[in-house]
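Reading the structure
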Amino acid sequence: MAGRALGRWLAFLVVAAGAVVMVLPFYWMVVTAVSPAPEIIAFPPRWIPSRLVGDHFREAWARAPWLVYYKNSLVVATVSVGCSVLFGLFAGYAFAVYRFPLQNLFFLLILATLMVPVQVTSVALYVFLARLGWVDTYQGILAPNFASAFAVYLIRQAVQTVPTDLLDAARIDGAGEAQIVVRVVAPLIKPVLAAVAMLLFLSSWNDFLWPVIVINSERMRTLPVGIALFKDPYGFINYGPLMAATVITVAPMLIAYAVSQRYMIRGIAMTGLR
Amino acid sequence: MVSAWAPVVRAVVRAYRRHYLHAYLFISPVLVAFGLFRVWPALQTLYFSAFRVELARRRLVYVGVENFAELLHDEIFRQAVTNTLLYAVAIVPTAAALGLILAVLFTERFPARELLKAVYFAPMVTSTVAAAVVWWWLYNPQYGLFNALLRMAHLPPSPWLLSTRTALLSVILFSIWKTVGYNMVIYIAGLQAIPAEFYEAATLDGAGPLQQFWRITLPLLAPVTAFLLIYNGIFAFQVFDQVYVLTGGGPANATNVVVLEIYRQAFQRYRFGYAAAEAVVLFVFILAITILQFRTSRRFEVTY
């Protein structure tokens, strides 16, 4: 019994020590953002600032239109999640419930797109969107994210667990197919829909490569593009405002995470494994 | 004749309307979106790779396999491929092993368990770009926290991102910090799926904790491990954000990776055809890993 307790405390010590390492970058980001300038570069490092300073935030806020970046990120993430979940719901239902010609071919085709990420197709996609006049527009940023193979796959798996009798009962009651999807199936697989939506929101919100390719103007920048381009011309001295800018960038997501972390982690575990 | 066939025709039409029409209607948004923005660009990538794109004259010049021939002798691209491979080989097993160790430690019931779990996962929800900006500051050779800590421990400071010998390792350290929480969460889910009776039976048979880990836990987690190795492997080949922010591929291409090289050729030098050829090579690598997945996941299929 003593051995068990010892093991428990040993595990706690190792995990806690590791957690300190994990937290350190976040902690130092905040400390740098609120410390008086001389303390930022002091040696030995000052773990707790002598007083809290708001100058770095004021400067970072004045130098870039953060609200525009927030708005762009929010619009892009919301639309991509909305479309991907809605389209994925109907497509997932069709693949799970119906039998139709070329079904397997279409399904394989959709899954195959998982193997061809935007990193591979970015050049051709850019050329294509340039021809459509979509460069530097919301549609352009959204183009690769209007639908998600991952969403189709997971929703199909979930719909397969819905009893067919339930669908038939709804049909006998005179419900149309679209009605069945929205009124009967969607509520039954809500946990999967929520997990998919959360994961897609996260990846869209933090997406960088494709936006940095397709965005030219400042008014279209999303948060990751904003912070990356904020860092570059800023030089090597003003770490305070730079860290204030990263706080501004990551704060909404970290706060959302802090509030819902159990739920988010469960969602990831659910979607990560099959 | 007509009347004899009429019910059959009606039935077929009804079945068609009820199922086929709905099926095609329901999958069409996904097919259209994927067709336009995934499949078509994928085919175009293959097509472009055989051309030299002359933007100024707005024309394509057919060059056959010339782009690929040039790639073979392109020192910078070769280094990008080598770096990407090194990155993948370093990060994939390390992040998996750390994730597994953490997951096993988390099976113990100690205080603040949920909070600590959340801490490990926090980097995962943070944008890679923003987190990399923070690490860029931590890695600063003069004022960065990492060298300050080394000096406090009376260890020699490191140039981190500024030296060709340490830059790639610095990028890898960042990426491990970023992904270990994900692997941990997936392993925790995998551990919970192992029936407790297995351990109870092993304990009755007198197996110690270490023996139980090697004989029960590890083999039963094999499918999870296979999933993580492949999943992380594919992502490792797509690495871009942290390299862009931390080093921009430098110094002297020491951290240049395939996606960054595609980005540079296409969007800084406007060599679309050449970049497309590089993208085809990247696809071949990802395809190879995926095929490996199908092979290994079948072998690791465990039923209990």
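First things first, this report covers the structure right here in the doc.

About the criteria used
- Residues numbered from 1 in each chain as written.
- Chains lettered and ligands numbered in written order.
- Predicted model: local features only at pLDDT ≥ 70, side-chain atom pairs only at ≥ 80, totals over all residues.
- Heavy atoms only, no water.
- Helix = DSSP H or I, 4+ residues; strand = E, 2+ residues; numbered from the N terminus.
- Rg over C-alpha atoms; globule rule 2.2 N^0.38 Å.
- Buried < 20%, exposed > 50% of the residue type's maximum accessible area, 1.4 Å probe, protein only.
- Contact = heavy atoms within 4.5 Å.
- Areas by Shrake-Rupley, 256 points an atom, 1.4 Å probe, with all protein chains shown as cover.
- 1 Å grid on protein atoms, 1.4 Å probe; cavity = no way out; pocket = protein on both sides within 12 Å on 5 of 7 lines; lining within 4 Å.
- Points joined across faces, edges and corners; volume = space filled by probe spheres on them.
- Buried area = accessible area lost by both parts, 1.4 Å probe.
- Polar contact = N/O pair within 3.5 Å; in protein donor to acceptor, adjacent residues only side chain to side chain.
- Nonpolar A, V, L, I, M, F, W, Y, C, P; charged D, E, K, R; others polar.
- Patch = residues over 30% accessible without salt bridge, like charges linked within 9 Å, V, L, I, M, F, W, Y side chains within 5 Å.
- Salt bridge = Lys/Arg side-chain N within 4 Å of Asp/Glu carboxyl O.
- Core = buried A, V, L, I, M, F, W, Y, C linked by side-chain atoms within 4.5 Å.

**Description of the overall build of chain A**
- Counting its secondary structure elements, chain A contains 14 helices and 0 strands.
- Here the C-alpha radius of gyration of chain A, 24 Å, is well above what a compact globule of 274 residues would show, namely 19 Å.
- Expressed as lengths along the three principal axes of its C-alpha atoms, the size of chain A is roughly 75 × 70 × 35 Å.
- Scored against the burial criterion, the 274 residues of chain A give a buried share of 54%.
- Across chain A, every contact between residues at least 6 apart in sequence was considered, and the portion connecting residues at least 24 apart equals 71%.
- Element-wise, carbon and sulfur atoms account for 68% of the exposed surface of chain A, whose accessible area totals about 12400 Å².

**Some remarks on the layout of surface pockets**
- The computed volume of the second largest pocket comes to approximately 1600 Å³.
- The wall of the second largest pocket is formed by 40 residues, among which B:A103, B:V104, B:F106, B:T107 and B:E108 lie closest to the centre.
- Counting residues per element, the ones that place at least two in the lining of the second largest pocket are α1 (2–34) and α14 (239–272) of chain A together with α3 (75–105), α4 (113–125), α7 (167–192), α8 (196–204) and α9 (209–220) of chain B.

**Describing the interface of chain A and chain B**
- Contacts between the two partners involve 98 residues from chain A and, on the opposite side, 85 residues from chain B.
- Area buried by chain A at its contact with chain B is led by A:M22, A:M115 and A:V123, which between them contribute 8% of it.
- At the boundary of chain A with chain B, the tally comes to 11 residue pairs in polar contact (both at pLDDT 80 or more).
- Broken down by element, the side of chain A that touches chain B gets its largest block of residues, 20 residues, from α1(A).
- Residues belonging to the side of chain A that touches chain B are distributed by class as follows: 75 nonpolar, 15 polar and 8 charged.

**Section: a nonpolar patch on the surface**
- A cluster of nonpolar side chains, contributed by A:V23, A:Y27, A:F43, A:W47, A:I48, B:L149 and B:M152, occupies part of the molecular surface with about 600 Å² of accessible area.
- Secondary-structure elements contributing two or more residues to the nonpolar patch are α1 of chain A together with α6 (145–152) of chain B.
- Along the chain, the position of B:M152 falls in helix α6.

**Here's the deal with empty space enclosed by the protein**
- Counting across every chain of the model gives 3 cavities of 30 Å³ or more.
- Estimated volume of the largest cavity: approximately 60 Å³.
- In terms of lining, the largest cavity is formed by A:W205, A:N206, A:L223, A:P224, A:T249, A:V250, A:M253, B:V125, B:T126 and B:S127.
- Taken together, the elements giving at least two residues each to the lining of the largest cavity come down to α11 (190–206), α13 (223–231) and α14 of chain A.
- When residues of the lining of the largest cavity are assigned to their parent elements, the largest contribution, 3 residues, is made by α14(A).
- Split into classes, the residues belonging to the lining of the largest cavity amount to 6 nonpolar, 4 polar and no charged.

**Points about the side chain of B:E278**
- Summarising the element assignment, B:E278 is placed in helix α13 (residues 272–299).
- Those residues in contact with B:E278 that lie beyond four places of it in its chain are B:L71, B:F77, B:V258, B:E261, B:I262 and B:Q265.

**Some remarks on the nonpolar core**
- Counting 195 residues, the largest nonpolar core has A:W66, A:Y93, A:I189 and B:L246 as the members making the most contacts within it.
- Looking at which element gives the most residues to this core, the answer is α7(B), with 15 residues.
- Here A:Y93 is in contact with A:G88, A:Y98, A:V159, A:L167, A:R171, A:E177, A:I180, A:V181, A:V185 and B:F26, once residues within four sequence places are set aside.

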